[in-house]
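Okay, here's what each chain looks like letter by letter:
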Amino acid sequence: MEDLLQVGIISQTHGIRGEVKVFPTTDDAKRFKKLKEVLLDTGKEKISLEIESVKFFKQFVILKFKDLDSINDIERYKGKSLYVTRENAVKLGRDEYFIADLIDMNVYDENDAYLGVLINVIETGANDVYEVKFEDGRQVLFPAIKQCILDVDMENRKIKVHVMDGLLD
């Protein structure tokens, strides 16, 4: 499992006082209000940044980091990812998983026949959709609903699915 979980990407600067617009990659941008620090991946190293303030603007989160007080301090980080450690990540409820933990899990049908590997989770408004790459190269979409996703075994990295009628046609 990943030790770091991505929570956003710095898209651009915001004003001249060191604020940045962050595109959130978490399902609830309001979680930034509870964060005290994030890790910035510069490409060469990960730098811990203390969050000084959080605002919201359209689909973006506006962050101000402590000791980065001008556009010159922050501009070089445009396009860089922000992470949190697993300990600082939001606590998950029952049947909730981090997408990073689901990627590359093996997928089996209800008869334990191997189908393929989960390669992507598509977030829609109603429910997520699991994209599974079959051994023959086909990519099949499974809705992440109880009638279709029967079991997620994180320990054994195995997902059991019910193949709904017509799904493989």
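Refer to the structure above for everything that follows.
Here the structure is a predicted model, which means the values were calculated and not measured.

Cut-offs used in this document
- Residues numbered from 1 in each chain as written.
- Predicted model: local features only at pLDDT ≥ 70, side-chain atom pairs only at ≥ 80, totals over all residues.
- Heavy atoms only, no water.
- Helix = DSSP H or I, 4+ residues; strand = E, 2+ residues; numbered from the N terminus.
- Buried < 20%, exposed > 50% of the residue type's maximum accessible area, 1.4 Å probe, protein only.
- Contact = heavy atoms within 4.5 Å.
- Pairing = 2+ DSSP bridges.
- Axes fitted to C-alpha atoms, helices over the stretch in contact; angles between N-to-C directions.
- Core = buried A, V, L, I, M, F, W, Y, C linked by side-chain atoms within 4.5 Å.

Draft legend 1. The arrangement of the environment of Lys33 in detail. With respect to the helices and strands, the residue Lys33 is situated in the loop between β2 (19-24) and β3 (37-41). Taking relative accessible area as the criterion, Lys33 reaches 53% and is therefore assigned exposed. Between the C-alpha atom of Lys33 and that of Lys55, which follows or precedes it by 22 residues, the distance is 8.4 Å. Ignoring any residue separated from it by four or fewer positions in sequence, one finds Lys33 in contact with Val54 and Phe56.

Draft legend 2. Quick look at the sheet that holds strand β8 (residues 114-123). Spatially, β10-β9-β8-β7-β12-β11 is the arrangement adopted by the six strands of the open sheet, whose pairing is mixed. Single-partner strands in this sheet number two, and they are β10 (139-143) and β11 (149-153). Here the strands of the sheet are splayed against their neighbours by 35 degrees on average, with no regard to which way each runs. Where strand β7 (residues 106-109) lies against strand β12 (residues 158-161), four bridges are found, and the strand directions are parallel. Following the sheet pairing, Asp109 is matched in β12 by Val161.

Draft legend 3. Focus on the sheet that holds strand β4 (residues 46-57). Pairing within the closed barrel is antiparallel, and its six strands lie in the order β1-β2-β5-β4-β3-β6. Averaged over all pairs of adjacent strands, the angle between strand axes in this sheet comes to 50 degrees, irrespective of strand direction. Two strands pair when backbone bridges link them, and β3 and strand β6 (residues 81-85) are joined in this way by three bridges, in the antiparallel orientation. Across the sheet, the residue bridging to Asp41 is Ser81, located in β6.

Draft legend 4. Spotlight on unusual backbone geometry. If you check the backbone angles, Asp104 has positive phi at about 75 degrees while not being a glycine. Secondary-structure assignment places Asp104 in the loop between α2 (99-102) and β7. Owing to a relative accessible area of 53%, Asp104 belongs among the exposed residues under this scheme. In this structure, Arg157 takes a positive phi of about 55 degrees despite not being glycine. On the secondary structure map, Arg157 appears in the loop between β11 and β12.

Draft legend 5. Broad picture of the nonpolar core. In terms of nonpolar packing, the biggest core is built from 22 residues, with Val22, Phe32, Val38, Leu63, Phe65 and Leu82 touching the most fellow members. Every element with two or more residues in this core is listed here: β1 (4-14), β2, β3, β4, β5 (60-65) and β6. Every residue in contact with Val22, bar those within four places of it in the chain, is listed here: Gly8, Ile9, Ile10, Ser11, Phe32, Phe60, Val61, Leu63 and Leu82.

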